[in-house]
Amino acid sequence: MEQRKVSPLISLIPIIFLIALLYVSVVVYEIDVHIPIFISAMFATLIGVFVLKTPWEVIEEGIFETIKLSLIAI
């Protein structure tokens, strides 16, 4: 898999989105954190696909690899 350089600004956008969404969800609306984390993951995926032009197959492979590594700990 080819590694590409991503600007720090584009890297920070999903993190800032996650922090803002978690703050609004937990502090303002007092809801659980699972939905905002899922929405932030979808947002990061959309940035990868549409802004960075990463093919879905590469993103899907990364998702499966992360799940596979986390199952070892479980």
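The structure displayed is predicted, hence computed values, not measured ones. (Residues numbered from 1 in each chain as written. Predicted model: local features only at pLDDT ≥ 70, side-chain atom pairs only at ≥ 80, totals over all residues. Heavy atoms only, no water.)

J.: It is not clear to me how unusual backbone geometry should be interpreted in this structure. Could you clarify?
T.: Note: most peptide bonds trans; most residues except glycine with negative phi. Phi is positive for E30, close to 55 degrees, though the residue is something other than glycine. In this fold, E30 is placed in the loop between α1 (8-28) and α2 (34-51). E30 sits in the exposed class, given a relative accessible area of 67%. Its identity as a non-glycine residue notwithstanding, K53 has a phi of 60 degrees, on the positive side. Of note, K53 is situated in the loop between α2 and α3 (56-73). (Helix = DSSP H or I, 4+ residues; strand = E, 2+ residues; numbered from the N terminus. Buried < 20%, exposed > 50% of the residue type's maximum accessible area, 1.4 Å probe, protein only.)

J.: Just to check I follow, could you spell out the side chain of S25 for this structure?
T.: When you line up the elements, S25 lands in helix α1. At a separation of 2.7 Å, a polar atom in the side chain of S25 contacts the main-chain carbonyl oxygen of L21. In contact with S25, other than residues within four places in its own chain, are E30, I31 and P36. (Polar contact = N/O pair within 3.5 Å; in protein donor to acceptor, adjacent residues only side chain to side chain. Contact = heavy atoms within 4.5 Å.)

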